[in-house]
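Listed here are the chains, written in short residue letters.
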Amino acid sequence: MADAEVWYFQPDGDYRRQPGESQSALKSILNSPAHYQAGKKRKFFPSSVMTIGTATHCKVLEGDETFENSFVLKPPEIKFTTKEGRAWRDDNKKKTILTNEGKDRQWDSVMGMSKTLQSLDWFDPSQKDYRKFNEVSFYWTQNGIPCKARLDRVVVTDDEVHVIDLKTTDSISLDKFQSKLVDLGYDFQAGWYTKAAELAYGKPARFTFVAIERNEPWSVGVFEVPPEMLAEARAK
């Protein structure tokens, strides 16, 4: 019997409203309980590159229909200082607006990364049950505390569960990415996610980060987290 409940096709908003401690909240307690409490109160305002990452995840993992219902490209002639621009913004108020202006060029970045990722076997949308095993929600109880996790992608075989996490980044340099493993708590995330997968499927889990650069040529780096690092992360 599984020790964790698995929800497929659960909307992201529904997952976020569910009670439970997530890895993103718990990482702050590694600094101190005060950091954890402060993080609970802090309002979140995504940066431009965070928005690019969210949009890329949506298009690659949830598909074009969900992406088109969630994001929209602002035409270059639209100015929010005009009556017409404000009307356009109001018409699209339920969507996140992406632009192709400025140094980030959000729309081109999302399209370029998505095309590159979908050329990889892991993110080929034509494969059977591709969407089912993306953005999968897990819920379990640990030491009496409700816990949860939302995994980008899981590949389940007879022998194991392969957890794949997509990261958009400025560089896939090995040195830079390895520093992020600790600085941004990616190691803790890997430990938390593999624990959820093992509880749910009753099989050993391994973890791989697939990192892609936000700018052309949208280079990809694959980083598998070694078992000893997973063990250390869980011990935290």
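Presented here is an overview of the structure given in this document. (Residues numbered from 1 in each chain as written. Predicted model: local features only at pLDDT ≥ 70, side-chain atom pairs only at ≥ 80, totals over all residues. Heavy atoms only, no water.)

1. So, the sheet that holds strand β7 (residues 205–213)
Working definition: the strands of a sheet are paired by backbone hydrogen bonds and lie parallel or antiparallel to each other.
Thought 1: One open sheet holds the six strands; their spatial order is β1-β4-β5-β6-β7-β8, and the pairing between them is mixed. Two strands in the sheet have a free side with no partner beyond their single neighbour: β1 (5–7) and β8 (220–224). Pairwise comparison of adjacent strand axes, ignoring direction, gives a mean angle of 40 degrees for this sheet.
Thought 2: With four bridges joining them, strand β5 (residues 145–156) and strand β6 (residues 161–169) adopt antiparallel strand pairing. Bridge assignment links V156 to a residue of β6, and that residue is V161.
Thought 3: Running over the sheet, helix α7 (residues 106–117) touches β6, β7 and β8 and is turned about 135 degrees from β7. (Pairing = 2+ DSSP bridges. Helix = DSSP H or I, 4+ residues; strand = E, 2+ residues; numbered from the N terminus. Axes fitted to C-alpha atoms, helices over the stretch in contact; angles between N-to-C directions. Contact = heavy atoms within 4.5 Å.)

2. Digging into the side chain of S114
Thought 1: Relative to the helices and strands, S114 resides in helix α7.
Thought 2: With relative accessibility at 0%, the residue S114 sits in the buried group.
Thought 3: Once residues within four sequence positions are removed from consideration, S114 is found in contact with T56, K59 and V60. (Buried < 20%, exposed > 50% of the residue type's maximum accessible area, 1.4 Å probe, protein only.)

3. Examining unusual backbone geometry
Thought 1: Note that the residue after E216, namely P217, is joined by a cis bond; omega there is 20 degrees.
Thought 2: Relative to the helices and strands, P217 is located in the loop between β7 and β8.
Thought 3: We note that N143 has phi near 55 degrees; this positive angle belongs to a residue other than glycine.
Thought 4: In this structure, N143 sits in the loop between β4 (134–142) and β5.
Thought 5: A positive phi angle, near 55 degrees, is found at W218, a position not held by glycine.
Thought 6: Following the sequence through the fold, W218 ends up in the loop between β7 and β8.
Thought 7: Of the residues examined, W218 reaches a relative accessible area of 19% and is grouped as buried.

4. Describing the pairing of β8
Thought 1: Every second residue of β8 is oriented toward a common face, the buried set being G221 and F223 and the non-buried set V220, V222 and E224.
Thought 2: As paired strands, β7 and β8 are joined by five bridges and run antiparallel to one another. Residue V210 lies in a different strand from β8, and its bridge partner there is V222.
Thought 3: Where β7 hands over to β8, the hairpin turn is made up of six residues, of which W218 adopts a positive phi near 55 degrees.

5. Things to note about the nonpolar core
Thought 1: Formed by 33 residues in total, the largest nonpolar core has its most connected members in F138 and V154.
Thought 2: Only α2 (23–26), β4, β5, β6, α8 (174–183), α9 (186–201) and β7 provide two or more residues apiece to this core.
Thought 3: The element contributing the most residues to this core is α9, with nine residues.
Thought 4: The residues touching V154, leaving out its near neighbours within four places in the chain, are F133, V136, F138, V161, H162, V163 and Y201. (Core = buried A, V, L, I, M, F, W, Y, C linked by side-chain atoms within 4.5 Å.)

6. Re the packing of aromatic side chains
Thought 1: Per the counting criterion, the structure on display carries 15 aromatic pairs.
Thought 2: Judged by centre distance (5.3 Å) and plane angle (20 degrees), the ring pair of F67 and F71 falls under stacked.
Thought 3: According to the relative accessible area criterion, F67 is buried, its value standing at 3%.
Thought 4: With a relative accessible area of 8%, F71 lands in the buried category.
Thought 5: Here Y193 and F207 contribute two aromatic rings whose centre-to-centre distance is 6.3 Å and whose plane-to-plane angle is 45 degrees, an arrangement assigned as tilted. With a gap of 14 residues between them, Y193 in helix α9 and F207 in strand β7 connect regions that are remote in the sequence. (Phe/Tyr/Trp six-rings, centres within 6.5 Å; stacked < 30°, edge-to-face > 60°.)

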